[in-house]
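# Analysis of the macromolecular model
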Amino acid sequence: TGKEIVSVAFWFHHTNWATSSWILLGTDTNGSNGWQAPISTAGLPEAGNYILMVVATDSVGNKGVDVSLNAVVDKTPPMVNVVSVPSPVMTNNVTLNWTGSDSLTGLDYYSLAVKINQGEYQMLESRLSRSTTSYQVSVAPNQLMIFDLTAYDKSGNTTSQKFAMYTDGYVFPNSYILPVFFSGD
């Protein structure tokens, strides 16, 4: 009718129609930050066929309904596997390669950070496309580089994998290599 929406109600139904009923998740009357209602999936098994129904009401009482018959509960983190880079690195550029997947909602994006020598982590890319599986990094001599690659799925689950490499000329403290690589960072 061209009238403004004044409320949106969100309803949830479990996959078993015989033993469950519609549950009102909430009604949002302020769409300034998008129409939304919280949901707790505690106790619900992972599945891809829950039902969500949204009922929008305008200022004169007209209602519109949309139903999703395959809403997903996804509590499992995505998978990410980094291809190791042989060290010491003798070139000025290195290509990092990885694979990632998520079996329920799918991958959303990756983020990549690096810590060089004793410095702090610095974000290289905060939103790499889910189809990205490589990243080229410029390196310099005498560096120990620890990368942190995080995969995000569409449900907000994350998995991080840290991996390290060092460049030509880097000298490990006390001449030990293994403790630096396995100290958790």
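Please refer to the structure placed before this passage.
Per chain, the residues get numbers from 1 upward, laid out in the order the sequence is written. Local features in this predicted model are restricted to residues whose pLDDT is 70 or higher, and side-chain atom pairs enter the listing and the counts only when it is 80 or higher, whereas totals over whole chains, interfaces and linings include all residues. Note that water and hydrogens are dropped before the side-chain values are worked out from all heavy atoms of the structure.

This brings us to the pairing of strand β7 (residues 107–116). Burial classification: accessible surface area is computed with a 1.4 Å probe over protein chains only, and a residue below 20% of its type maximum counts as buried, one above 50% as exposed, and the rest as partly exposed. For the purposes of this entry, the term helix denotes a DSSP run of H or I that reaches at least four residues, the term strand denotes a run of E that reaches at least two, and both are numbered from the N terminus. Of all 10 residues in β7, eight are buried; the element is thus mostly enclosed. Here nine bridges tie β7 to strand β10 (residues 144–153), and the two strands are oriented antiparallel to one another. Following the sheet pairing, Lys115 is matched in β10 by Ile146. Pairing between two strands requires that DSSP report at least two bridges joining them. The pairing of β7 with strand β8 (residues 122–129) spans five bridges and is classified as antiparallel. Bridge pairing links Tyr110 to Leu128 in β8.

Moving on: the side chain of Asp153. If you trace the backbone, Asp153 turns up in strand β10. Positive: Lys, Arg. Negative: Asp, Glu. His and the chain ends are not part of the count. One speaks of a salt bridge when a side-chain nitrogen belonging to Lys or Arg is within 4 Å of a carboxyl oxygen belonging to Asp or Glu. Comment: no salt bridge for buried Asp153; closest opposite-charge side chain is Lys154, at 9.8 Å. Within polar-contact distance, the side chain of Asp153 engages the backbone nitrogen of Gly156 at 3.0 Å. By definition, residues are in contact when any of their heavy atoms lie within 4.5 Å. Here Asp153 is in contact with Asp74, Thr76, Pro78, Asp102, Thr105, Gly106, Leu107 and Asp108, once residues within four sequence places are set aside. We define a polar contact as two N or O atoms separated by no more than 3.5 Å, with the added condition that, inside protein, one atom must be a possible hydrogen donor and the other a possible acceptor, whereas residues neighbouring each other in sequence contribute only through side-chain atom pairs.

In this structure, Val65 sits in strand β4 (residues 63–73). Accessibility expressed as a relative area gives 55% for Val65, which makes it exposed. Measuring from C-alpha to C-alpha, the distance between Val65 and Val55 comes to 4.6 Å, with 10 residues separating the pair along the chain.

Pairing is antiparallel in the open sheet, where three strands are placed in the order β5-β6-β9. Both outer strands of the open sheet, β5 (79–83) and β9 (134–138), are each paired with one neighbouring strand and no more. Strand-to-strand twist across the sheet, computed as the mean angle between neighbouring axes with direction ignored, equals 25°. Where β5 meets strand β6 (residues 93–101), five bridges bridge the pair, whose relative direction is antiparallel. Within β6, the residue paired with Val82 across the bridge is Trp98. Note on method: axes are straight lines fitted to C-alpha atoms, helices fitted across the in-contact stretch only, with angles between N-to-C directions ranging 0 to 180 degrees.

It is worth spelling out the packing of aromatic side chains at this point. Paired rings are identified among Phe, Tyr and Trp, the last through its six-membered ring, by centres lying within 6.5 Å, and are further divided according to the angle between planes into stacked (under 30 degrees), edge-to-face (over 60) and tilted (the rest). Throughout the structure, instances matching the rule amount to six aromatic pairs. Their ring planes at 15° and their centres at 4.3 Å tell us that Tyr109 and Tyr152 sit as a pair that is stacked. Of this pair, Tyr109 sits in strand β7 while Tyr152 sits in strand β10; the two residues are 43 residues apart in sequence, bridging distant segments of the chain. Classification of Tyr152 as partly exposed rests on a relative accessible area of 22%. With 5.3 Å between their ring centres and 20° between their planes, Phe147 and Phe163 make a pair best called stacked. You can see Phe147 sitting in strand β10 and its partner Phe163 sitting in strand β11 (residues 158–166), a full 16 residues away along the chain. Note on Phe147: relative accessible area 0%, which makes it buried.

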